[in-house]
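Reading the structure
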Amino acid sequence: RFAEPFSEGRAFARIKGEWVIVHKNRNKVLIIENHIEHTPFRNGIAFVCKLVDGKELWGAYDRKDDVIIPFKYDKIDGFIGGFARIYHNDRVAFVNKRGDMLSRYYNGIPQIPWYFDAKDFSEGVAAVKVIPDKWGFVDIKGRIVIDFIFDEVDSFYHGLCSVRKDGMWGVVES
């Protein structure tokens, strides 16, 4: 038997060769089949990597033991600015804490944008690459708020962001 420290009333433990999530105040245990690795609970969510059809795939559980992000992603970053970056097939997208993918609408139909690269949300926007070599910014509703014209960008801080275009550095305001 092996148990990690409790985090937010939950702990990961290895019992009889199986990884489980143990609840501190209840006699409840969730068995995690095919467990590879995990993160402790933070802000009510734990990221877990499982072996699924021979592939190591990431997903997430909430404190109710519900799967809020399905186990189908190559990697998941932690939540920053209300969203986590999820990676699949060399692309990145965003998911919120309810497990909803950030989408945008084309002709009234929701589309899940998969980007070539993305930075964390900061001050309500995230830098993303829609084409392999140009950065732009989207808001928390997936709307393009700054066009994809930059060669390199940082994240916004106090309403300002450093950007590079055609070898020249500058600053854009939010």
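To be clear, the structure that these remarks concern was listed above.
Residues numbered from 1 in each chain as written. Predicted model: local features only at pLDDT ≥ 70, side-chain atom pairs only at ≥ 80, totals over all residues. Heavy atoms only, no water.

1. Focus: the nonpolar core
Soluble globular proteins: nonpolar side chains tend toward being buried together. Ile45, Phe47, Ala60, Ile69, Ile76, Phe79 and Ile86 are the most contacted members of the largest nonpolar core, which has 14 residues in total. Mapped by element, the contributors of at least two residues to this core are β6 (45-52), β7 (55-62), β8 (67-73), β10 (83-88) and β11 (91-96). Discounting residues that sit within four places of it in the chain, Ile69 has contacts with Phe47, Gly59, Ala60, Ile76, Phe79, Val95 and Gly99. Counting residues in each nonpolar core, the second largest holds 12 residues, with Leu102, Ala118, Ala126 and Val128 among its members. (Core = buried A, V, L, I, M, F, W, Y, C linked by side-chain atoms within 4.5 Å. Buried < 20%, exposed > 50% of the residue type's maximum accessible area, 1.4 Å probe, protein only. Helix = DSSP H or I, 4+ residues; strand = E, 2+ residues; numbered from the N terminus. Contact = heavy atoms within 4.5 Å.)

2. Comments concerning the sheet that holds strand β2 (residues 10-15)
Taken in spatial order, the four strands make up an open sheet running β1-β2-β3-β4, and their pairing is antiparallel. In this open sheet, the two edge strands, each paired with only one partner strand, are β1 (2-3) and β4 (29-32). (Pairing = 2+ DSSP bridges.)

3. Re the sheet that holds strand β17 (residues 144-150)
As summarised here, the arrangement of the four strands in space is β14-β15-β16-β17, forming an open sheet in which the pairing is antiparallel. On the outer flanks of this sheet lie β14 (117-118) and β17, each paired with one strand and no other. The sheet contact formed by strand β15 (residues 125-131) and strand β16 (residues 134-139) spans six bridges and is antiparallel. In the strand pairing of β16, Ala127 is matched with Phe137.

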